[in-house]
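Structure at a glance
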Amino acid sequence: MEEYEIYEEKAKSAFVEHLLQNDYLSDSTEIGVAKQYVDRGLSSLSDKQKHVIEGILREHAVVCEECEELIPWDEQIHALNDPICGECEYRRNRILEDD
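Residues numbered from 1 in each chain as written. Predicted model: local features only at pLDDT ≥ 70, side-chain atom pairs only at ≥ 80, totals over all residues. Heavy atoms only, no water.

Considerations on the overall build of the protein chain
- Within the protein chain, the secondary structure is distributed over five helices and zero strands.
- N-terminal to C-terminal, the α/β element order of the protein chain is α-α-α-α-α.
- Dimensions of the protein chain, computed from C-alpha atoms along their principal axes, come out at roughly 55 × 30 × 20 Å.
- Out of the 99 residues in the protein chain, the part that is buried amounts to 29%.
- The contacts in the protein chain between residues at least 6 apart in sequence include a share of 34% that link residues at least 24 apart.
- On the protein chain, roughly 6,900 Å² of surface is accessible, and the fraction owed to carbon and sulfur atoms is 45%.
- Each charge class in the protein chain was averaged separately, 10 positive and 25 negative side chains, and the resulting centres sit 7 Å apart. (Helix = DSSP H or I, 4+ residues; strand = E, 2+ residues; numbered from the N terminus. Buried < 20%, exposed > 50% of the residue type's maximum accessible area, 1.4 Å probe, protein only. Contact = heavy atoms within 4.5 Å. Areas by Shrake-Rupley, 256 points an atom, 1.4 Å probe, with all protein chains shown as cover. Lys, Arg positive; Asp, Glu negative; His and termini not counted. Charge placed at Lys NZ, Arg CZ, Asp CG, Glu CD.)

Regarding the pattern of salt bridges
- Here the structure, examined in full by the defined rule, presents two salt bridges.
- A salt bridge links Lys-12 to Glu-8; the shortest N-O distance between them is 3.9 Å. Remark: Glu-8 and Lys-12 occur in helix H1 (residues 3–21); sequence separation between them is four residues, near one turn of the helix.
- Given the relative accessible area of 17%, Lys-12 is considered buried.
- Residue Glu-87 is joined to Arg-91 by a salt bridge in which the shortest nitrogen-to-oxygen separation is 3.4 Å. In this pair, Glu-87 and Arg-91 are both assigned in helix H5 (residues 86–98), four residues apart and thus about one turn of the helix distant. (Salt bridge = Lys/Arg side-chain N within 4 Å of Asp/Glu carboxyl O.)

As for unusual backbone geometry
- Its identity as a non-glycine residue notwithstanding, Asp-23 has a phi of 60 degrees, on the positive side.
- Positionally, Asp-23 belongs in the loop between H1 and helix H2 (28–40).
- Overall, the relative accessible area of 67% leaves Asp-23 in the exposed class.
- A positive phi angle, close to 65 degrees, is found at Glu-68, a residue other than glycine.

A closer look at the packing of H2 against helix H3 (residues 47–60)
- Orientation of H2 relative to H3, taken along the N-to-C sense of each, is 100 degrees, at an axis distance of 10 Å. The pairing of H2 with H3 is recorded here as roughly perpendicular in orientation. Contacts from Glu-30, Val-33, Ala-34, Gln-36 and Tyr-37 in H2 reach Gln-49, Val-52, Ile-53, Ile-56 and Glu-59 in H3.
- Grouping the constituent residues of the contact of H2 with H3 by class yields six nonpolar, two polar and two charged. (Axes fitted to C-alpha atoms, helices over the stretch in contact; angles between N-to-C directions. Parallel < 35°, antiparallel > 145°, perpendicular 65-115°, else oblique. Nonpolar A, V, L, I, M, F, W, Y, C, P; charged D, E, K, R; others polar.)

If you want it as structure tokens, here you go:
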């Protein structure tokens, strides 16, 4: 696994952990699989369980309100409250500074 893939997987795991801790998940199967994913990693999951995690990520992933792109996984937790990616936020702040 490449360094970037490891980093992205850790960011996804942190996002799922945040969803668990903040009661975003209500289905008992999703909760159980999510706990295993966070505690033991993706490699501990069966193909069926990986499908559950993919569904959780798809359902809860945030898309940027500005550029309409999927926000990077390492920004997803913040994006739950402020749905704008770092790049668009940077551009918006530069425009405000120029005014």
